[in-house]
Amino acid sequence: MLHKHHSAKRSSPETEKMIRPCPSTPWPPELLLAPYLMYRQEFGEKEEKSAFQTIGEEQSQNPYTELLVLKGHHDIVRFLVQLDDYRFASAGDDGIIVVWNAQTGEKLLELSGHTQKITAVTTFPSLKPCEEKNQLLLTASADRTVIVWDCDTGRQIQRVSCFQSTVKCLTVLQKLDVWLSGGNDLCVWNRKLDLLCKTGHLSDTGISALVEIPRNCVAAAVGKELIIFRLVAPIEASLEWDVIEVKRLLDHQDNILSLVNVNDVNFVTGSHVGELIIWDVLDWTVQAYERNFWDPSPQPDTQQEIRLSQKPHDISIHHFTCDEENVFAAVGRGLYVYNLQMKHVIAYQKTAHDSNVLHIAKLPNRQLISCSEDGSVRIWELREKQQLPAEPVPTGFFNMWGFGRVNKQASQPVKKQQESATSCLLELIGDLIGHSSSVEMFLYFEDHGLVTCSADHLIILWKNGEQESGLRSLKLFQKLEENGDLYLAV
């Protein structure tokens, strides 16, 4: 059933606590004895809460006003993969893969073969244009198997069960017509699922992410290390494949959580402690490094307090998306736009969601979509910032007595530097509230809307209300015309 989506505010205790004004109660005596703590409560925590953007029911720029709830899983749905212009597949902890029609929400196929949760999903398109419709779907599971499926029939083509560890990531090298599996080792396979070559045991943590780079190379994230491998294809003198470790890059201080290609010359990695590194795809040198996302212009007198207020998971970089100009990073609960040419952050929302942001995607018209552990999906627009006059120093109870005045004045240059450093704004234009638990990821279909999957076992297909209304009117007129009722009315 198709439902109208009402953008009402969530009534969770965390959200209510964040947006509800503080009650006007007298200062407790114990706080009068601790002016510094009181200063932080008045100017620190209140500022943190007010930074969280909210949007009411009037969302004129949000096109997704109708939703379709799809039920096909009975556990957390973690993966969505687009198969073609109108189909997508979903997978999760129940070990089932479901193929859906993105236009109608119809359940097309259910693929059962794994006995444990799905850990990675990818498509394997055919090299031959005539076989494009018969593209394959690869799924890896915690049961230490990889299965190849026919997306059209749902038939299980082949299964590989020789893995010594769980496969955490799958990558297809289209030019070589091979695919790679990453776990405690790196394996190279052909389309028939013949093992071509493999590395030795790399690490107990295993490969968490893989990305293709030029010259038949791949970059693999293994803990805090970035390892470059080169694939050697058979030639006349040698009839065997080989995979060679070329270099280990140790520039990250903590585990690498995200790894994506930026463009033809760069790729980017993000770590658990909030490090963003831009790498050259040819010589693998560091082109840019950024870490102070939560405070673009730190000062010595405020840095210690910032570190105290930041929890480690609040600055982890969970996901990246890119365009020709910028890298968009999901850092903790926030969103940051890093400009590749300027090599600094040009826009950010420090508290874009109530909880960690898990997935982001760049849309046309300078828009960005993000989803979070808090169950929300939000739409943002990147806009040029207009120069505004500097805000006056706030006055209050402690300014009368002089408490915190030196710190407040010292923080003014920091604020001015931040304002001059960020030339754009991320403005909230839509809030999609439909899931009751963490939204793991989403897919964007230009013609059919937005698809989200969640820990609540549901998939929601968000539709453009105006477009759907027009389609329904068109179908109605076509039906009337077929029955002859349209000419009778005229």
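This text goes with the structure placed above it.
Residues numbered from 1 in each chain as written. Predicted model: local features only at pLDDT ≥ 70, side-chain atom pairs only at ≥ 80, totals over all residues. Heavy atoms only, no water.

We now examine the overall build of the protein chain. Tallying secondary structure elements over the protein chain gives eight helices and 33 strands in all. Counting all 490 residues of the protein chain, 50% fall into the buried class. Long-range contacts, defined as pairs at least 24 residues apart, comprise 51% of the intrachain contacts of the protein chain with a sequence gap of at least 6. Here the protein chain has roughly 24800 Å² of accessible surface; of this, 51% comes from carbon and sulfur atoms. (Helix = DSSP H or I, 4+ residues; strand = E, 2+ residues; numbered from the N terminus. Buried < 20%, exposed > 50% of the residue type's maximum accessible area, 1.4 Å probe, protein only. Contact = heavy atoms within 4.5 Å. Areas by Shrake-Rupley, 256 points an atom, 1.4 Å probe, with all protein chains shown as cover.)

On to the sheet that holds strand S21 (residues 276-280). Taken in spatial order, the four strands line up as S19-S20-S21-S22 in an open sheet, and their pairing is antiparallel. Of all strands in the sheet, those with a lone pairing partner are strand S19 (256-261) and strand S22 (286-290), marking the two edges. The sheet shows a mean angle of 15° between the axes of neighbouring strands, taken without regard to direction. In this structure, S21 lies alongside S22, joined through four bridges in antiparallel fashion. Residue Ile277 lies in a different strand from S22, and its bridge partner there is Tyr289. (Pairing = 2+ DSSP bridges. Axes fitted to C-alpha atoms, helices over the stretch in contact; angles between N-to-C directions.)

The subject of this paragraph is the sheet that holds strand S11 (residues 169-173). Spatially, the four strands line up as an open sheet ordered S11-S12-S13-S14, and their pairing is antiparallel. Each of the sheet's edge strands pairs with one partner strand only, and the pair in question is S11 and strand S14 (195-198). Neighbour-to-neighbour, the strand axes of this sheet turn through a mean angle of 20°, independent of strand direction. Here three bridges tie strand S13 (residues 186-190) to S14, and the two strands are oriented antiparallel to one another. Within S14, the position partnered with Val188 by the bridge is Cys197.

A separate point is the pairing of S19. Pairing geometry for S19 and strand S20 (residues 266-271), over five bridges, is antiparallel. When the sheet's bridge partners are listed, Val260 is paired in S20 with Val268. The hairpin formed by S19 and S20 contains four residues between the paired strands.

Aromatic rings considered in pairs are described by the distance between their centres and by the relative angle of their planes. Scanning the entire structure with this criterion turns up six aromatic pairs. Relative to Trp189, the ring of Trp179 lies with its centre 5.4 Å away and its plane at 10°, an arrangement referred to as stacked. Residue Trp179 is located in strand S12 (residues 178-182), and its partner Trp189 is located in strand S13; the two are separated by ten residues in the primary sequence. Centroid distance Phe267 to Trp279: 6.2 Å. Interplanar angle 15°. Geometry classified as stacked. Separated by twelve residues along the polypeptide, Phe267 in strand S20 and Trp279 in strand S21 bring together distant segments of the chain. The same class applies to Phe267 as to Trp279, namely buried. Every member of this aromatic cluster is reached through a ring pair, and the members are Phe88, Trp100 and Phe445. The cationic tip of Arg191 hangs over the ring face of Phe124; the distance from NZ or CZ to the ring centre is 4.0 Å. (Phe/Tyr/Trp six-rings, centres within 6.5 Å; stacked < 30°, edge-to-face > 60°. Lys NZ or Arg CZ within 6 Å of the ring centre and 35° of its normal.)

A few words on the pairing of strand S30 (residues 424-433). Burial runs high along S30: seven of the ten residues are buried. Here nine bridges tie strand S29 (residues 376-384) to S30, and the two strands are oriented antiparallel to one another. Note that in S30 the partner of Ser376 across the bridge is Ile433.

Here we come to the nonpolar core. Judged by nonpolar contacts, the single largest core of 19 residues is most densely connected at Val178, Leu180, Leu186, Ile207, Leu210, Phe229 and Leu231. The residues touching Leu210, leaving out its near neighbours within four places in the chain, are Cys169, Thr171, Leu180, Gly182, Leu186, Val218, Ala219, Ala220 and Leu259. (Core = buried A, V, L, I, M, F, W, Y, C linked by side-chain atoms within 4.5 Å.)

Take the environment of Asn255 next. Take Asn255: it is sitting in the loop between strand S18 (242-249) and S19. With 34 residues separating them along the chain, Asn255 and Ala221 place their C-alpha atoms 8.3 Å apart. Apart from the residues lying within four places of it in its own chain, the contact partners of Asn255 are Gly223, Lys224, Gly270, Ser271 and His272. Within polar-contact distance, the side chain of Asn255 engages the backbone nitrogen of Lys224 at 3.5 Å. (Polar contact = N/O pair within 3.5 Å; in protein donor to acceptor, adjacent residues only side chain to side chain.)

Next up on the list: helix H7 (residues 465-483). Compared with the 27 Å implied by 1.5 Å per residue over 19 residues, the 27 Å span of H7 between its first and last C-alpha is a close match. A side-chain oxygen of the first residue of H7 lies 3.1 Å from the backbone nitrogen of Glu466; this N-cap is Asn464. (Expected span 1.5 Å × (residues − 1).)

Topologically, Asp456 is positioned in the loop between strand S32 (449-454) and strand S33 (458-464). Asp456 gets classed as buried once you look at its relative accessible area, which sits at 15%. Taking the C-alpha atoms as reference, Asp456 lies 8.7 Å from His74; in sequence the two are 382 residues apart. If we ignore the near neighbours within four places in the chain, the residues touching Asp456 are His435, Ser436 and Ser437. In terms of polar contacts, Asp456 uses its side chain to reach the backbone amide nitrogen of Ser436, at 3.1 Å. Only 2.9 Å separates the side chain of Asp456 from the backbone nitrogen of Leu458, close enough to count as a polar contact.

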